[in-house]
Amino acid sequence: SERPALRALIKVSLLKHEPTGKPIILEGVFVGGSAGKAEGKLMQYHPLSLCNTSEDERQESDFITIVKLEHRVPRCLPLLDKARMALDKGAQAVIFDVSDDTNAAAELRETDSLPRPVVLVEADDAEELMGLVNKNEEANVVIEIKMEPKWPHYD
Amino acid sequence: RQHKISGVSSGCQQGGCLTCSDYNGCLSCRPRLFMHLERIGMKQIGVCMTSCPPGFYGTRSPERNTCTKCRSECDSCFNRHFCTRCRAGFYLHLGKCQENCPEGHVRSDAQRECV
Amino acid sequence: RQGPAAPLCPSPCQCEEDGIFVMVDCSEMGLSSVPTGLSPLTTYLDLSMNNISEIQPRAFHRLHLLSELRISGNQLRYISGQALQGLHNLKVLMLQNNQLERLPDDAPWDLPNLLSLRLDANLLSKVPAEAFRGVRSLRHLWLDDNSLTEIPVMALDSLPSLQAMTLALNQITHIPDYAFTNLSALVVLHLHNNHIKSMDSKCFEGLLSLETLDLNYNDLQEFPVAIRTLSKLQELGFHNNNIKAIPERAFVGNPQLQTIHFYENPIQFVGKSAFQFLPKLHTLSLNGATQIQEFPDLKGTTSLEILTLTRAGLSALPLDLCEQLPRLRVLELSYNQIEDLPSFYHCSALQEIGLQHNQIRRIESSTFQQLSSLRSLDLSWNMIEWIHPDAFSLLHSLIKLDLTENRLSSVPVAGLGGLTHLKLRGNTELYEAFSPDHFPHMRVIEMPYAYQCCVYGSCDSYKPASQWDTEQSSTNEDLHKRTVAMYPIHADTHYDPDLEEFQLEIEESKLQASVQCTPTPGPFRPCESLLGSWLV
């Protein structure tokens, strides 16, 4: 039987705003057994930067990688290897925007042994995240497991 | 002397792209151009150019031409192991950037070379 | 960057003053010719990515101080010697990504101080003998991605100072004797992605300084014995060729070699002494050389860190393997016919061992002793019947152990406390259900039978309730504490049984999520460990 994929809460706080500003709350889905907590600065990586030939681009502080996947970019590595490479490069977690790459979710469904969280986002949640990236709005991201109540609340 | 990156303008409108997207910039380049992944703050976009920016060298292959970073002590290089100009404080000799020159050579600060 | 208003800055270019000198950027401005009115104090001029198809004679004749000229990415078909007259101080000339079909022959370019010349990505089918007569100081030459069918031997004779050259991505088929005979200062030579089928035995004579030689992606039929004269060679690549054998003493002339890449060749035979006396070699990869029956003699190759020798015919390993290779970090010997293992005792730096798909039957106590850095051990697809109880006892760093498809009836757990991955599938005589206490860090475990996964709590709905409750009672207290620690609920909040059950379920899925045990028990693979019943 297929294990239910745990959902992720993605809390985004813009670094330029005062710390008391309410974080933007978005959602995603954890990949395989990678559910867990993570925090770091949001950092975009081009899909081609996670290939065997890519060089080692080290970041100073803790960061969370976000990659917008594009079906038009030939896959230089399987997604699982891309995720591992991003984590090996020091990412605290990896977020894949799969809005434009419908096969991605299937490719990553049954996976194990990911040392840190990998989350898939799409549609509005992805658009909001990538919107921040596009405007170069530096942001801190906290990823947590979303607690799904067992019995829906009846008034 | 920091030159403008020759042969490029950022984003998706620049001439070198073959395919591109708003978020990732160039996804592939027109034939014979080099794909460079440029970091601008938190963004990283693909940029297509005829020569890689300072501190990077170009590698051509039938499938794709890419820019790769030189060694840290090089301002410019021919490939990963062969520098063509050194960073300040290093001196070039036969493709190597070193802090000291081999016997029989002296350091030239103007050219950053062992002469 | 200054706007066009700066003095002597031709429109629409952008100029930047550098002391008394001027740097002019006219790139990507749709120009169809070289702008006039450039300052004689111009030291840098960028005309790249325009539509320039011709350079008027003497276009740069006043620019005696010009150091760098970029005309890449235009439509130039030919540049006469006259066009570049007066550039006495030019050091860098970039002409790549144009349509150059030929270079001047009778009146070549006169650039006495030129160091770097980029001619890559053009349409050159040959280089005239006199082409480089006026650039004798040249050090770096790019001729890759053109249509050359032969090495421009005569033209190269004019370049005694050349240090780096690429002729990659052309259609060169043969390298004749003495092709580079005057290039005594050449350090780097790229010839990859040509059609080189043959090389004369003295073709590399004269390359006294060569350190990097790249012959990858060609059509070489035989081992390039011509490398024998390259005494300074450090990096050699001839992967993706058609070479079938590596001869005895193949690298006898190259004691400085650090890396040799030759994968993707149909190599069948390797001389036993081929890789001897390479004291700086740190990686050796041989895959599919089926004619190798004996382990290569690696005498004098003492710095090897990564040795891959797969899909060959090895049936035994030298007893003194680790004495010869004390720095070995990765040993990959899968898909051979190895039966007995020596002691790897002296290979104290070993981190990864791959012995899958061999014919190993026993693991002695001394086999992997003292390998305190060993992280991954793959012994899958062998015939292992017996493992000494202490075989793994000192492997403190081991996190991955794969014993898939062997003949084990028991597995010693001493020393395996750090495992995150354990694979035992296919050991049909192994019935024991290992307690999770042996493996506190386990993440992925594969067992021969589903019931062996029940100890990992992955079969709550397939187990009679009574059996579940009794087993769980001892761990509820501990589970609650760990759940509260992970999901801080303020102690004073009203106690809500639904919420607690929900958190237990999260913890349950976390537990399941943290240890993935397969095969997962199911309706037809219940958790009763009654012999035979789960066989239904």
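Residues numbered from 1 in each chain as written. Chains lettered and ligands numbered in written order. Predicted model: local features only at pLDDT ≥ 70, side-chain atom pairs only at ≥ 80, totals over all residues. Heavy atoms only, no water.

**Some details on the interface of chain C and chain B**
To keep it simple, the criterion reads: Every residue pair with non-hydrogen atoms within 4.5 Å of one another is taken to be in contact. Using a 1.4 Å probe, buried area is obtained as the accessible area two parts lose upon being combined, added over both of them. In the sections that follow, a salt bridge refers to a side-chain nitrogen of Lys or Arg positioned within 4 Å of a carboxyl oxygen of Asp or Glu. Under the rule applied, a polar contact is a pair of N or O atoms within 3.5 Å (in protein, one hydrogen donor and one hydrogen acceptor; residues adjacent in sequence only if both atoms are side-chain atoms). Only DSSP runs of H or I with at least four residues qualify as helices, and only runs of E with at least two residues qualify as strands; both kinds are numbered from the N terminus onward. Polar here means any residue other than Ala, Val, Leu, Ile, Met, Phe, Trp, Tyr, Cys and Pro, which are nonpolar, and Asp, Glu, Lys and Arg, which are charged; Gly is therefore polar.
Each side of the interface is counted separately: chain C has 44 residues, and chain B has 25 residues. In terms of surface lost to chain B, no three residues of chain C exceed E28, M49 and N97 of chain C, which account for 17% of the buried area on that side. Applying the counting rule to chain C against chain B returns six salt bridges. In this structure, E211 of chain C and K96 of chain B form a salt bridge, with 2.9 Å as the shortest nitrogen-oxygen distance. In this assembly, chain C and chain B are joined by eleven residue pairs in polar contact (both at pLDDT 80 or more). Counting only elements with at least two residues in the side of chain C that touches chain B, the list comes to β2 (21–25), β3 (42–46), β4 (68–70), β7 (140–142), β8 (164–166) and β10 (188–190) of chain C. Class assignment of the residues belonging to the side of chain C that touches chain B gives a composition of 14 nonpolar, 16 polar and 14 charged.

**Brief notes about the state of the cysteines**
All names here are of chain B. Under the convention used in this document: Whenever a pair of cysteine sulfur atoms sits within 2.5 Å, that pair is classed as a disulfide.
Applying the stated criterion across every chain, the model contains twelve disulfides over all chains. In this model C29 forms its disulfide with C48; the gap between the sulfur atoms is 2.1 Å. Residues C29 and C48 are joined through a disulfide that is left-handed, its torsion about the S-S bond being -85 degrees. Here C48 lies in strand β4 (residues 43–49) and C29 lies in strand β2 (residues 25–29), a separation of 19 residues in the sequence.

**Some remarks on a nonpolar patch on the surface**
The condition is simple: Patch rule: a residue counts if its relative accessible area is over 30% and it has no salt bridge; like charges are joined within 9 Å, and nonpolar side chains (Val, Leu, Ile, Met, Phe, Trp, Tyr) within 5 Å. The Shrake-Rupley method, run with a 1.4 Å probe, gives the accessible areas here. Residue values count only the displayed protein chains as cover.
On the surface, a cluster of nonpolar side chains totalling about 260 Å² of accessible area is made up of I20, L41 and L65 of chain C. With respect to the helices and strands, the residue L41 of chain C is situated in the loop between β2 and β3.

**Comments concerning the nonpolar core**
Note the following rule: What we call a nonpolar core is a set of buried Ala, Val, Leu, Ile, Met, Phe, Trp, Tyr and Cys residues that are connected through their side-chain atoms within 4.5 Å. Burial classes: relative accessible area under 20% of the type maximum marks a residue as buried, over 50% as exposed, and values in between as partly exposed (1.4 Å probe, protein chains only).
Counting residues in each nonpolar core, the largest one holds 142 residues, and the members touching the most others are F132, F180, F204, F275 and F368 of chain C. Non-local contacts of F204 of chain C, meaning those with residues more than four positions away in its chain, are made with I175, F180, L189, M199, L213, A226, I227, T229 and L230 of chain C. A35, A83, F96 and A104 of chain A belong to the second largest nonpolar core, which has 49 residues in total.

**Overview of the sheet that holds strand β1 (residues 7–14) of chain A**
Residues and elements named next belong to chain A. Put simply, the rule is: The pairing criterion is simple: DSSP has to find at least two bridges between the two strands. The angle between two axes is taken between their N-to-C directions and runs from 0 to 180 degrees, where each axis is a line fitted to C-alpha atoms and a helix contributes only its stretch in contact.
Within the closed barrel, the seven strands sit side by side as β1-β2-β6-β5-β4-β3-β7. Their pairing is mixed. Between one strand and the next, the sheet's axes are offset by a mean angle of 35 degrees, whatever the strand orientation. Pairing geometry for β1 and strand β2 (residues 24–30), over six bridges, is antiparallel. Directly across from L9, in β2, lies its bridge partner E27. Packing of helix α1 (residues 79–88) onto the sheet brings it into contact with β4 (63–68), β5 (93–97) and β6 (118–121), and relative to β5 it is tilted by some 140 degrees.

**A few points about the confidence of the model for chain C**
Residue and element names in this part refer to chain C. We count it as follows: Every residue gets a pLDDT, meaning the predictor's confidence in that residue, from 0 to 100.
Residue-level pLDDT values for chain C average 87, and 86% of them are 70 or greater. Note that residues 460–513 has pLDDT below 50 and, in this model, 47 contacts with residues that lie over four places away or in other chains. Segment residues 532–536 is flagged for pLDDT under 50; beyond a separation of four residues in sequence, or across chains, it makes seven contacts in the model. Quick note on the complex model: pTM equals 0.82, ipTM equals 0.85.

**Details of the confidence of the model for chain A**
Residue and element names in this part refer to chain A. Within chain A, residue pLDDT values average 84, and 82% of them lie at 70 or more. Confidence scores differ between elements of chain A, with helix α2 (residues 103–109) showing the lowest mean pLDDT of 78 and β5 the highest of 96. Overall, residues 151–155 carries pLDDT values under 50, and its contacts beyond four positions in sequence, including any with other chains, amount to one contact.

**Quick word on α1 of chain A**
Listed as buried for α1 of chain A are L79, K82, A83, M85, A86 and L87 of chain A. Positive phi appears at G90 of chain A, one or two residues downstream of α1 of chain A, with a value of about 110 degrees.

**As for the side chain of N241 of chain C**
Position of N241 of chain C among the secondary structure elements: in the loop between β13 (235–237) and β14 (245–246). Filtering out sequence-adjacent residues up to four positions away, N241 of chain C remains in contact with L215, N216, Y217, N218, D219, L220, E264, N265 and P266 of chain C.

**Some remarks on the packing of aromatic side chains**
Residue and element names in this part refer to chain C. Basically, it comes down to this: Centres within 6.5 Å are what make two rings of Phe, Tyr or Trp a pair, Trp counting through its six-membered ring; a difference in plane orientation under 30 degrees is then read as stacked, over 60 as edge-to-face, and the rest as tilted.
Summed over all chains, the structure comprises 13 aromatic pairs over all chains. Each ring, one from F223 and one from F238, has its centre 5.7 Å from the other, and the planes form 85 degrees; the classification is edge-to-face. Residue F223 is found in the loop between β12 (212–214) and β13, and its partner F238 is found in the loop between β13 and β14; the two are separated by 15 residues along the sequence. As far as the burial class goes, F223 and F238 line up, both buried. Within the aromatic cluster, the residues linked to one another by ring pairs are F223, F238, F251, F262 and F275.

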